[in-house]
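Single-letter residue listing:
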Amino acid sequence: YKLHSFDFFLLLFLSVFGLLFILNSFHFIPLYIAIELQSLCFYVLTSMRKNYVYSIEAGLKYFIIGSFSSCVLLFGISFLYGFTGFLGFGDLSLFLNNVFYNDLFFLIGITFSILLISLGFCFKLYVAPFHWWIQDIYQYAIPFVTFFFALVPSYVVISSMARVYFNVFDVYAWEWEFIFSLCGFLSILLGSIGGLYQKKIRRLIAYSSINNFGYLLVLFTYMDYFTLTNMYVYYIVYIFNNIIVFLFIFSILRKNIFLSTTLDNIDDFKGYGFYNKTVSLF
């Protein structure tokens with residue numbers, strides 16, 4: 001798309017900066033600020049095609065849904081602080097594992113805060129039933145931005161979730177395991193069925209992401225560090241497959257083989273096997 005602007009690379013750099021901060025956050029407030037930093041960059045990156053109304057619409061939709069999910073996450077964090085007085089992961093882990101209240105009000109408050117935080121993370125990971133906004137973002141963003149969204153942010157969200165739930169909320173595993181099991185099952189079901197009816201390649205990739213994150217959430221419900229290792233192995237395989245698909249698309253766009261199309265539809269790839277059998281087989 002020949003983006004002769006420094007804004008694109010600056011926003012890309014700032015988003016990676018925010019993602020690295022998320023990976024190194026051991027406190028809910030820096031975690032939330034880092035999530036907001038990378039989210040604001042993602043909103044603008046989605047709508048970089050200024051002359052394309054659907055790109056602006058996708059960016060606005062991303063902004064609205066992302067802001068709502070951030071409010072849900074922050075609401076859950078505020079409830080957690082109100083009932084415990086701590087927001088550091090180490091302090092919360094010591095408190096929740098060693099302090100037991102028989103007060104029903106305290107148990108309801110902690111349960112409600114974990115529920116809100118889990119829903120906020122599910123929005124960020126766009127698993128079902130919070131997946132209905134991601135298809136437009138994958139479809140109408142710049143292909144390289146779609147490639148970046150499909151690979152990098154989800155790994156960071158999964159890693160931060162593993163740190164929060166395995167180290168902090170392990171005592172209340174019965175609650176978030178149920179939520180993630182339900183969202184994982186719906187993601188596998190709706191991602192598989194929805195992908196069958198897609199005619200556009202990037203929407204198909206979006207449903208593939210929903211489906212794969214469903215499998216990751218199902219693995220996530222087994223609170224075991226060996227399972228966590230298997231989850232990361234599964235994600236590495238997922239990254240490898242996505243890299244192959246996007247490199248295939250980028251190679252065709254770079255060579256301008258099909259000058260009459262933008263490679264949006266799956267039908268646009270007809271006949272490429274006759275042109276390059278090796279790449280098609282790979």
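Shown above is the structure to which this text applies.
Residue positions within a chain follow its written sequence, with the count starting from 1. Owing to the predicted nature of the model, reporting of local features is limited to residues with pLDDT of at least 70; listing and counting of side-chain atom pairs is limited to 80 or more, with chain, interface and lining totals taken over all residues. The side-chain quantities take in all heavy atoms of the structure and omit both hydrogens and water.

Engineer: In this structure, what is going on with the overall build of the chain? I would like to understand it.
Structural biologist: Along the backbone of the chain there are 12 helices and 0 strands. Of the regular secondary structure in the chain, the N- to C-terminal order runs α-α-α-α-α-α-α-α-α-α-α-α. The size measure is the radius of gyration over C-alpha atoms, and the globule rule it meets is 2.2 Å times the number of residues to the 0.38 power. Expected size for 282 residues packed as a compact globule is a radius of gyration near 19 Å; at 20 Å, the chain falls within 12% of this value. Judged by the C-alpha coordinates and their principal axes, the chain covers about 70 × 35 × 25 Å. Residues are treated as being in contact if the distance between any of their heavy atoms lies within 4.5 Å. Considering only contacts within the chain whose residues lie at least 6 apart along the sequence, 73% involve residues at least 24 apart. Where helices and strands are cited, they refer to DSSP runs of H or I of at least four residues and of E of at least two residues respectively, numbered from the N terminus.

Engineer: Would you explain the packing of aromatic side chains in this entry?
Structural biologist: Two aromatic rings, taken as a pair, are described by how far apart their centres are and by the angle between their planes. Side-chain rings of Phe, Tyr and Trp, where Trp is taken by its six-membered ring, are said to pair if the distance between their centres is within 6.5 Å; with planes under 30 degrees apart they count as stacked, over 60 as edge-to-face, and otherwise as tilted. Tallied over the entire structure, the rule returns 40 aromatic pairs. With 5.1 Å between their ring centres and 20° between their planes, Tyr 54 and Tyr 140 make a pair best called stacked. Highlighted residues: Tyr 54 in helix α3 (residues 53-84) and Tyr 140 in helix α6 (residues 134-140), separated in sequence by 86 residues. Buried means the residue's accessible area, taken with a 1.4 Å probe over protein chains only, is under 20% of the maximum for its type, while exposed means over 50%, and partly exposed covers the values in between. Judged by its relative accessible area of 40%, Tyr 54 is partly exposed.

Engineer: Sorry, what's going on with the nonpolar core here?
Structural biologist: General note: in soluble globular proteins, nonpolar side chains tend to be found buried as a group. What we call a nonpolar core is a set of buried Ala, Val, Leu, Ile, Met, Phe, Trp, Tyr and Cys residues that are connected through their side-chain atoms within 4.5 Å. Phe 28, Tyr 165, Phe 169 and Phe 220 are the most contacted members of the largest nonpolar core, which has 85 residues in total. At 14 residues, the largest contribution of residues to this core is made by helix α7 (residues 143-167). Residues contacting Phe 169, with those up to four places away along its chain left out, are Phe 28, Leu 80, Leu 96, Ile 114, Ile 117, Val 164 and Trp 176.

Engineer: What am I meant to see in the packing of helix α8 (residues 173-196) against helix α9 (residues 201-220) here?
Structural biologist: Helix-helix packing is described using two parameters, namely the angle between the two axes and the distance between the axes. Angles run from 0 to 180 degrees between N-to-C directions of axes, and those axes are lines fitted to C-alpha atoms, restricted for helices to the stretch in contact. Close contact between α8 and α9 brings their axes to 7 Å; oriented N to C, the two are set at 150°. As far as their axial angle goes, α9 and α8 are roughly antiparallel. Where α8 crosses over α9, the handedness of that crossing is left-handed. Packed against α8, whose contacting residues are Trp 176, Phe 180, Cys 183, Gly 184, Phe 185, Ser 187, Ile 188, Leu 190, Gly 191, Ser 192, Gly 194 and Gly 195, the element α9 presents Leu 204, Tyr 207, Ile 210, Asn 211, Gly 214, Tyr 215, Leu 217, Val 218 and Phe 220 at the interface. Amino acid classes used here: Ala, Val, Leu, Ile, Met, Phe, Trp, Tyr, Cys and Pro are nonpolar; Asp, Glu, Lys and Arg are charged; the rest, including Gly, are polar. Of the residues in the contact of α8 with α9, the class split is 13 nonpolar, 8 polar and no charged. Put simply, angles under 35 degrees are roughly parallel, angles over 145 are roughly antiparallel, angles from 65 to 115 are roughly perpendicular, and the rest are oblique. Crossing handedness follows the turn of the near helix against the far one: under a right angle anticlockwise gives a left-handed crossing, and clockwise gives a right-handed one.

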